[in-house]
Amino acid sequence: MGSNPLPVPATSAGRDGLAALLDAPERAVVALDFDGTLADIVPDPEQARAHPGAVPALARLAPRLLSAAVITGRPAGVAVRYGGFTGVPGLERLTVLGHYGAERWDAATGTVQAPAPHPGVAAVEAELPGVLDASGAWQGTWIERKGRAVAVHTRRAADPQAAFELLRGPLHDLAERHGLIVEPGRLVLELRPPGMDKGVALAEYVRESGASTVLYAGDDLGDLAAFAAVEKLRAEGLRGVLVCSGSAEVTELTDRADLVADGPGGVVDLLTRLADEVS
């Protein structure tokens, strides 16, 4: 047993979910967002790496579970690389669902499965510099090309929130012209194809696994869809725990979470305590 007790969820549904996970971990799925949940948010997304304790904690917990998954807006291969998930004893059954579930990497095969990219993404990439320039938001904004999506980050702008708000309208119009949607995040606006989000990806994964309990941890507006999916699964009779990787930036998640962890360090602590309890 760990030296620290597990935190008590704030809701009865969360308490039921945690009890079910501890009682029968072999019937539970633990699914986690990457940036802001397993990895600290950094000014340059290419420098993001999993918290040093994340892989060891997951590797201890995952063998006791039905399955573990990372669900991210990043390409699956990038999340695997930045996470350091390849060839880790204990993570043989880990799945990474990239691009909100459009791509899937399984540790068992070490391969990524993915459909062809949406043609609108290339068209949007070509027009983006002009749109940013015309909006007067070129200074300090940064374009991240993701292959199946393209993101505009405002974290480095002189006034990040003002740049974010300024770009919402123009980027929405640009996305709409090319059959894409805009997904807002923490000082980032992502243009991507419709029809996939973390909620769809999570619900499909949980149903496919046959799990009776699911824990999901996220930190961002993009994780609201996954929170909603867990709430819907709970309404259908599954047990669930919603964890917010604590951030003052996204109060919508904090308000709906059963547990609030103190960022990636807190999530790692929670995974470690879960591993202690089920070992």
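The structure under discussion appears in the preceding block.
Bear in mind the structure is a predicted one, so any value in this text is a computation, not a measurement.

Of regular secondary structure, the protein chain possesses nine helices and 12 strands. In terms of overall dimensions, the protein chain is globule-like: its C-alpha atoms have a radius of gyration of 18 Å, near the 19 Å expected for 279 residues. Dimensions of the protein chain, computed from C-alpha atoms along their principal axes, come out at roughly 60 × 35 × 35 Å. A burial count over the protein chain gives 54% of its 279 residues as buried. For the protein chain, the proportion of contacts with a sequence separation of at least 24, taken over those separated by at least 6, is 68%.

This part covers the packing of helix α1 (residues 12–23) against helix α9 (residues 263–278). As a packed pair, α1 and α9 sit with axes 9 Å apart at the nearest point and diverge in direction by 50°. Between α1 and α9, the crossing angle belongs to the class labelled oblique. Residues Leu18, Leu21 and Leu22 of α1 form the contact with α9, whose own contacting residues are Leu274, Glu277 and Val278. Class assignment of the residues belonging to the contact of α1 with α9 gives a composition of five nonpolar, no polar and one charged.

Where helix α6 (residues 198–209) meets helix α7 (residues 224–235), the axes come as close as 7 Å, and the angle between the chain directions of the two elements is 40°. Taken together, the axes of α6 and α7 are oblique relative to one another. Remark: the crossing between α6 and α7 carries right-handed chirality. Taken together, the residues of α7 that come into contact with α6 (itself represented by Lys198, Gly199, Leu202, Ala203, Val206 and Arg207) are Ala225, Ala226, Ala229, Val230, Lys232 and Leu233. Here the contact of α6 with α7 is composed, by residue class, of eight nonpolar, one polar and three charged.

Further remarks concern the pairing of strand β3 (residues 95–98). Burial along β3 is two-sided: the face carrying Thr95 and Leu97 and the face carrying Val96 and Gly98 are both buried. Sheet topology places strand β2 (residues 67–71) next to β3; three bridges connect them, and they run parallel. The partner of Ile71 across the bridge, within β3, is Leu97. For the crossover that starts at β2, traverses helix α3 (residues 76–83) and ends in the parallel β3, the hand is right-handed. With four bridges joining them, β3 and strand β4 (residues 103–106) adopt antiparallel strand pairing. If you follow Leu97 over to β4, its bridge partner there is Arg104. From the end of β3 to the start of β4, which pair antiparallel, there are four residues, and His99 there has a positive phi angle of about 45°.

Another aspect to go through is the sheet that holds strand β6 (residues 142–145). Strands pair in a sheet through their backbones, by hydrogen bonds, and they do so in one of two ways: parallel or antiparallel. Taken together, four strands build an open sheet; the order of strands is β6-β7-β9-β8 and the sheet is antiparallel. Each having just a single partner strand, β6 and β8 (181–184) make up the two edges of the open sheet. The sheet shows a mean angle of 20° between the axes of neighbouring strands, direction not considered. Where strand β7 (residues 150–153) meets strand β9 (residues 188–192), four bridges bridge the pair, whose relative direction is antiparallel. Bridging across to β9, Val152 finds its partner in Leu189. Across the sheet, helix α4 (residues 119–135) is in contact with β6, β7 and β9; its angle to β7 comes to roughly 20°.

Conventions adopted
- Residues numbered from 1 in each chain as written.
- Predicted model: local features only at pLDDT ≥ 70, side-chain atom pairs only at ≥ 80, totals over all residues.
- Heavy atoms only, no water.
- Helix = DSSP H or I, 4+ residues; strand = E, 2+ residues; numbered from the N terminus.
- Rg over C-alpha atoms; globule rule 2.2 N^0.38 Å.
- Buried < 20%, exposed > 50% of the residue type's maximum accessible area, 1.4 Å probe, protein only.
- Contact = heavy atoms within 4.5 Å.
- Axes fitted to C-alpha atoms, helices over the stretch in contact; angles between N-to-C directions.
- Parallel < 35°, antiparallel > 145°, perpendicular 65-115°, else oblique.
- Nonpolar A, V, L, I, M, F, W, Y, C, P; charged D, E, K, R; others polar.
- Left-handed = near helix turned anticlockwise from the far one by under 90°.
- Pairing = 2+ DSSP bridges.
- Right-handed = clockwise from strand over helix to strand, strands pointing away.

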